[in-house]
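What follows is each chain in one-letter form.
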Amino acid sequence: MSTAMFGAPVRRHEDARLLTGAGRYLDDLGHRALAAAFVRSPHAHARVSDIDVTAAAEVDGVVAIFTYEDLTGRMAEPLPLLIPHPALHAPRTAYPLARGEVNHVGEPVVMVVARDRYLAEDAAARVVVSYDPLPAVVGLPAARSARHAVHPDVPDNVAAHLVQAVGEVDTAIAAAPHVLELDLEIERSASTPLEGKGVYARWNSDEGSLRVYTSTQASTSVRAAVAAKLGLPLVKVDCIAPDVGGGFGVKIVHPWPEEVLVAWAAQRLAALAPEGIKWTEDRWEHFVSSAHERGQLQHVRVGFDSDGRLLGLDVTIWHDNGAYTPYGIIVPIITSTQLLGPYKPGAYRCEFFSLYTNTVIVTPYRGAGRPQGVFAMERTMDAIADHLGLDRAEVRAVNFIAAEEMPYDQGLIFQDGRPLIYDSGDFAATLDKLKALVGWSDFQAYREQARAAGRRVGIGLACYVEGTGVGPYEGGHVQVETSGKVMVATGLTSQGQGHQTVLAQIVADELGVDFDDVEVTTGDTRRFGYAVGTFASRAAVMSGNAVALAARKVRQKALRIAGEALEADPSDLEIVSGVVRVKGAPASAIPLSTVAVLSNPLRYAFDEAAKAATQFAVGDTSKPPVAEDDEPGLEARDFYSPTQSTFANGMHAVIVETDPDTAEVRVLRYCVVHDCGPLINPMIVEGQVHGGVAQGVAGALYERMVYDDAGQLLNASFMDFLMPYASEIPTVEIDHLETPSPLNPLGIKGAGEAGVIPGSAVIASAIEDAEGFVIRRMPISPSELFELRASYAAGRVPGLRRTSGERTDPRTRPGHSPDNDSPDNDSPDKET
Amino acid sequence: MRAQADDGLPAGPAAGEQTREVTLRVNGVGHRLRLPVRRLLSDALRHDLERTGTHVGCEHGVCGACTVLLEGRPVRSCLILAVSVDGQDITTVEGLAAPDGGLHPVQQAFRERHGLQCGFCTPGFLLTTVAFLRETPQPSEEQAREAISGNLCRCTGYQNILASVLRAAELSAGREEQA
C-alpha cells in the first residue's frame, strides 16, 4: 500500500463546493419548473365530505389541481408497505392523496400545480375541503384504551404484536433474590434536518423517460417505487439524490406521497411543464407530514442477584407508530433487541405492541428505537445499583459479555431478520476508559465540593451496543480514466457524512493513487443502479467495503496490463501515486493513465493518449484484442453483502448541575468512549459523535412533539420546537477503542448513529443522581423537574436509597436487608 | 384535475399582482429586475437571480440558514421583502471567496476544523461569522459561542463550528499581519 489515507483526519472533498455556495440541494434545481403545493388536513381524524376547487382554479397561474379522484392505475392504490413482517398483522399505509378519510393533521388532500410556489399556495388556500370530524386517538394511553379506533377495521389500534424470548423468564424472576419493576416513558422527537424534503421531476417527452431528483436517503428504491407506480420500465426512470441537507432517518422513508405525485404530474402535465414540476417542503409541512420517532411506554420487570447480576428480564413496550405503518415495525424491533446492550440478561422476554394514533407516522430517527431500549435497560441498571447500594458502574460490569465470549449470540432475531450475534467488542475496556475520562472515582469529592458551594451536581453513565452495517448489500464501481482520474460510484446516498471523502480515502489506499485524484459519486442511479440506502450506520461499512473490493479488482487488472507492458511479473509490481512500477526499480514504470489507455483497444485515435492503444500500435496478433473473459476498460465493480450486522458499542458519562431554585439542568461535562473498529477518518467520526450527542441532549432536555387531545401539533415551528443552539450543547470529550470487526475486509463498524443513542438514559441517570429521586420519564424540562421535586417532597415520587445531597430519602430504610424484599415494586410517578 | 385551457403560460407575475422595479446589488453586481412586492429576499436571490448558496431552513427567521449581509450587517433574508432593499449592498456566500477562488479565512477555517457536515446551514454560519469577526476580531470562546447561538445546525453539535470561528479569527489576524 503506497499511501496511508485510511485512518488519517483528511479534510473533506465535499467542502470546496459546500463552503462557496456551489452545493446543489433539491430546491437549487429546476428554476423554471412549475411548483406544487399541497392542501393538508387540519384535522387529526375526519371524513372528507367534499372538495371544492372552483375558487382555486381561478387563480392566475394555476396549471392543475388534483384530488384522489384524479389518480389512476396504481397511483390510486395505497402507498407501499416497505418492510412487511409477520407480526405486523394490521398494516395500513396512506393513499398519495386522502381517499375520503384523513388520519393525521398534515395528511395531503389536494395537490395544486402552478407557475410558482406563491401562486400555488394562493390557490391551495382557496381550496375548500369539507370535513366531518371523527374522534382523534392521541397518545399511547388513548390508543391502548381503544375507546376509539384510528382505522375502523383495527378496533384495538394494534398494528403489530411481537414477543421474543430466550429462556424461561417467569421462572427466572420467580427464583431471583430481588425483583424490581419500573414504568418508563419516552416522548416523541424527530430527525428535523435543516433541509426538509423535496422532489423535482421532469418528463422527457422525446425519450419517454423520467428524471426524478429527490432529497432522499434511498434513491435506487425511490426510482423503483416511482417506476412501479407509474408503470414505467426501470430503465426509463433515473433518480438522483443531489446534495442533501441532512436526513437522520426521516428521508429513508419512501416513496413519500409527494415523490410519486410530483413524478406522476410531471408526466401527465408534460406539455404544460416542459421544465418539470418541483415541490419543496416547508418547515411546517415537515413537522406535520414527515415522520417522528421515539414515543414509547415501557414496563420492566427484572430479577437479579445480590451482585446485581441479571437473572431474568421481562419487558413490555407500547410503541406509538402514528397513523400508518409504511416502514413496518423496524423501530420497536430494534428497541426490543438492542435493549440488551453489552449485557447478558439471563432469561429475557420482550413483548411489544405497536399502536395506531391519529398523529404523524413514526419511522426511524437516528438511533432508530435504540435510545428507548437503552433508556429501559440503563434505568434498570441504575435502579438495581441503587436497590443494592452498589456502584452503578460495578453493576454494569458484572453483567458485561466478556471480550473472550465473542462472538456472542443473544438468541434473538435482529431487524435484518438475522440472528443477533455480536461480532466483537471489549466492554470492560470501554468502561475503564470511560471511568478514567470522566473521573468516575473522583466524583464524590467533586460533589462534596460543589455541595459546600451550594451547588447540586450529579453523574450518570449509560452503555449501548449498536448493530451497524445491516445488509443486504451495497456495491461500488471504480474506473480509472485515461486522464488518471479515478471515478468511484456507489448507489447509496449522502446527507453530510463525508462519503465522498472516506470512500476516496479507501480507494486511494487500495489502488495506490493520490486522494485528490479520486472522485466519488453517491446516490445517482445513472452511475450505479443497485443499492439499498443510507441508514443504520451502514454506509461506511457497506459501501466502504464494496468500493475496496472493486478497487482491488481494478488493481489486479492494472498490474496484469502493466506487467505485459513492462514485461514484468505482476507480483513484482507496485502502484505508487498513480504509477505502476517494478518494486526496487522505479525507473521501470508506467502511469495508471497509460494502463487505462492500454486496457481499451481502439481503432480511432481521438486524442494523443489514445494513439497508444490503436490497432497498429499494440497487440499480439495471435490473440483477440479483448480476451474472452476480459472487458475493455480499467474498471470494475463489486458488491459487499455480509451475513449479518457488525456491532459497535460505546459508553457515555455526563455530569450535570441542577439549579436548586429554577430546576434548570446544565450539562457540565459530556464524555464519550466509542468503539466502531478502525477509524477511516477520525475527524469525521468525531464529527458524527458530536452531532449525535447534540441530538441526544436535545431529546433529553429540550425537544418533544406537543400534541393536544384533538391531535393538533402545538409546536410545529422552530419558534416552539426547542431545537438547541450552540448555547445549549455541551463540549463533548471523546476517547476511542478500535476493536476490529471480523466480518468485513476493512474490519470497520458503523458510527453514524452512536452519539445519540444513550442521551436520554445518561442524562436521566445524572439528574437522578443530583436530585435523589427517580427519573422515569424523558425528556425533562425545568418545570417538570420543578414539579417532580414537589412531588418527591410530598412523598409521591420514590427517592433513591443512596443519599443525595442533604435530603432524607423517605424510602431509605437504615439497616434494611435487601434479601427479604422481593418482590419490590419500584413503581414510578404516574401523575403527569 | 382542473387544468388550465391555455397551452402556454404567461411569463412573469400573475395578473393583478403588484410589482415593482428594483436593483438588487449582490456581491458588488447590480441586477435590475421587476418583482412582485411580496417576493422574499431569499426567494429573489435563489430563484430570480439563481444564487442558490443562500438556503432556506424555516422561513420564519429562526434557523438562520438564509443569513446574508445587508450593508455589511447579518440579516435573515427570509424575513425581508426583496423590494425593500432596493439599491442596498447584499453579500451572499457566493461573494466570500476571492475572485481567484481563494477561500475567505472564515471558509478556510470551517474547512480546516470540520465545521460543516451536510452544509445546508453553513452559508448562514459563514456570513454570521464574517460579520461577527469584523466587530470582534479576537473573540473569547464565550463570545464566539454567543455569536453563533442564533443559527441552527442539526449535524455538527456546534463544537467544530465554534472551533472554526476561533480558527477564523486566527487566520484573519494572520492575513492582516501579512498585508
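Predicted, not measured: the structure shown is a model, and the values here were computed from it.

What counts, and where the lines are drawn
- Here the residue index of a chain counts from 1 through its sequence in written order.
- By the order in which they are written, chains take letters starting at A while ligands take numbers starting at 1.
- Only residues with pLDDT of at least 70 are given local features in this predicted model, and only at 80 or more are side-chain atom pairs given and counted; all residues enter the totals for whole chains, interfaces and linings.
- Every helix listed is a DSSP run of H or I at least four residues long, and every strand listed is a run of E at least two residues long, numbered separately from the N terminus.
- As a reference, a globule follows 2.2 Å times the number of residues to the power 0.38, and the radius of gyration itself is taken over C-alpha atoms.
- For the exposure call, what matters is how many other C-beta atoms sit within 10 Å of a residue's own: 20 or more marks it buried, 12 or fewer exposed, and in between partly exposed, using C-beta atoms placed from the backbone.
- How far each domain reaches was decided by an automatic or database domain assignment.
- By definition, residues are in contact whenever their C-beta atoms, placed on the basis of the backbone, come within 7 Å of each other.
- Nonpolar residues are Ala, Val, Leu, Ile, Met, Phe, Trp, Tyr, Cys and Pro. Charged residues are Asp, Glu, Lys and Arg, and all others, Gly as well, are polar.
- Note: two strands are recorded as paired if DSSP finds a minimum of 2 bridges between them.
- Lines fitted to the C-alpha atoms define the axes, with helices restricted to the stretch that makes contact. Angles between their N-to-C directions range from 0 to 180 degrees.
- Every angle not falling under 35 degrees, over 145, or within 65 to 115 is termed oblique; those three ranges are roughly parallel, roughly antiparallel and roughly perpendicular.
- Note on convention: near helix rotated counterclockwise from far helix by under a right angle means a left-handed crossing. Clockwise means right-handed.
- A score between 0 and 100, pLDDT records how confident the predictor is in each residue.
- For the purposes of this analysis, a nonpolar core is taken to be any set of buried Ala, Val, Leu, Ile, Met, Phe, Trp, Tyr and Cys residues that are connected through C-beta atoms within 7 Å.

Participant: Just give me the short version of the overall build of chain A, but keep the residues and values in it.
Facilitator: A tally of regular secondary structure across chain A gives 19 helices and 29 strands. A compact globule built from 832 residues should have a C-alpha radius of gyration of about 28 Å, and chain A, at 29 Å, falls within 12% of that. Principal-axis analysis of the C-alpha atoms gives chain A an extent of 100 × 75 × 50 Å. When burial is assessed residue by residue, chain A has 60% of its 832 residues classed as buried.

Participant: Give me the lowdown on the domain arrangement of chain B, citing residues and values where you can.
Facilitator: Residues and elements named next belong to chain B. Examined at the domain level, chain B breaks down into domain 1 (19-94) and domain 2 (105-178). Using C-alpha coordinates to define each centre, domain 1 is positioned 22 Å away from domain 2. Contacts between domain 1 and domain 2 engage 17 residues on the former and eleven residues on the latter. Elements that contribute at least two residues to the side of domain 1 that touches domain 2 include exactly strand 3 (67-70) and strand 4 (73-76). Examining the composition of the side of domain 1 that touches domain 2, we find that three residues originate from one element, strand 3, more than from any other. When grouped by side-chain class, the residues that make up the side of domain 1 that touches domain 2 number eight nonpolar, eight polar and one charged.

Participant: Explain the interface of chain A and chain B to me, and be specific about the residues and the numbers.
Facilitator: With 54 residues of chain A at the interface, the matching set in chain B holds 53 residues. Contributing elements (two or more residues each) for the side of chain A that touches chain B: helix 1 (15-18), strand 3 (62-66), helix 3 (117-126) and helix 17 (682-701) of chain A. With six residues, helix 17 of chain A is the largest single contributor of residues to the side of chain A that touches chain B. Taken together, the residues of the side of chain A that touches chain B sort by class into 27 nonpolar, 16 polar and eleven charged.

Participant: Please provide a residue-by-residue account of the sheet that holds strand 14 (residues 310-322) of chain A, values included.
Facilitator: Residues and elements named next belong to chain A. Read across the open sheet, the six strands follow the order 7-15-14-13-8-29; overall the sheet is mixed. Of all the strands in the sheet, just strand 7 (158-166) and strand 29 (777-778) have a single pairing partner and so form its edges. As defined by bridge partners, strand 14 adjoins strand 15 (residues 347-356) across ten bridges and the pair is classed as parallel. When the bridges of strand 15 are listed, His319 appears paired with Ser354.

Participant: Go over the domain arrangement of chain A with me, naming the residues and quoting the values.
Facilitator: All names here are of chain A. Domain parsing of chain A yields domain 1 (32-134 + 197-280), domain 2 (296-470 + 643-818) and domain 3 (472-640). For domain 2 versus domain 3, the separation of C-alpha centres amounts to 44 Å. With 20 residues of domain 2 at the interface, the matching set in domain 3 holds 18 residues. Looking at the side of domain 2 that touches domain 3, the elements that each hand over two or more residues are strand 18 (456-468) and helix 17.

Participant: An account of helix 1 (residues 41-48) of chain B is requested, with residue identities and associated values reported.
Facilitator: Residue and element names in this part refer to chain B. When you tally the buried positions in helix 1, you get seven out of eight residues, the bulk of the element. Looking at helix 1, one finds that the buried residues are Leu41, Ser42, Asp43, Ala44, Leu45, Arg46 and His47. Where helix 1 is buried, its residues contact strand 1 (19-26) and strand 2 (29-36). Note on helix 1: the residue one or two positions beyond its end, Glu50, has a positive phi of about 60°.

Participant: If you had to explain the packing of helix 2 (residues 105-112) of chain B against helix 3 (residues 122-135) of chain B to someone new, which residues and values would you point to?
Facilitator: Residues and elements named next belong to chain B. Helix 3 packs onto helix 2 with a crossing angle of 125° between their chain directions and a minimal axis gap of 9 Å. With respect to each other, helix 2 and helix 3 are oriented oblique. Considering how the two elements wind past one another, helix 2 and helix 3 form a crossing that is right-handed. Of the residues in helix 3, those touching helix 2 at Val106, Gln107 and Phe110 are Thr122, Leu126, Thr129 and Val130. Taken together, the residues of the contact of helix 2 with helix 3 break down into four nonpolar, three polar and no charged.

Participant: Help me get a handle on the environment of Ala453 of chain A, residues and values and all.
Facilitator: All names here are of chain A. Here Ala453 lies in the loop between helix 13 (443-452) and strand 18. Ala453 sits in the exposed class, given 8 other C-beta atoms within 10 Å. Along the backbone, Ala453 and Arg396 are 57 residues apart, and their C-alpha atoms lie at a distance of 32 Å.

Participant: Which residues make up the environment of Pro745 of chain A, and what are the values?
Facilitator: Residues and elements named next belong to chain A. By secondary structure assignment, the location of Pro745 is in the loop between strand 28 (732-737) and helix 18 (759-771). Accessibility expressed as a C-beta count within 10 Å gives 14 for Pro745, which makes it partly exposed. C-alpha separation for the pair Pro745 and Ala546, spaced 199 residues apart in sequence, amounts to 9.4 Å. When residues no more than four places from it in sequence are discounted, the contact partners of Pro745 are Asn545, Ala548 and Leu549.

Participant: Mind laying out the confidence of the model for chain A, listing which residues take part and the relevant values?
Facilitator: Here chain A averages 94 in pLDDT, and 96% of its residues register 70 or above. Note on residues 804-832 of chain A: pLDDT under 50 across the span, and 54 contacts to partners over four residues away in sequence or across chains.

Participant: Can you break down the nonpolar core residue by residue, with the values?
Facilitator: Counting 320 residues, the largest nonpolar core has Ala36, Val110, Val112, Val113, Ala265, Ile277 and Val507 of chain A as the members making the most contacts within it. Discounting residues that sit within four places of it in the chain, Val110 of chain A has contacts with Phe38, Val39, Ile51, Ile65, Phe66, Thr67, Leu97, Val127 and Val129 of chain A.

Participant: Help me get a handle on unusual backbone geometry, residues and values and all.
Facilitator: All names here are of chain A. Pro472 follows Gly471 through a cis peptide bond whose omega is 0°. Looking at the element boundaries, Pro472 is found in the loop between strand 18 and strand 19 (474-480). In this structure, the amide linkage connecting Met778 to the following residue, Pro779, adopts the cis form with an omega of 0°. On the secondary structure map, Pro779 appears in the loop between strand 29 and helix 19 (782-793). Phi angles above zero are rare outside glycine, and Ala663 is one such case at about 65°. Along the polypeptide, Ala663 turns up in the loop between strand 26 (646-658) and strand 27 (665-675).

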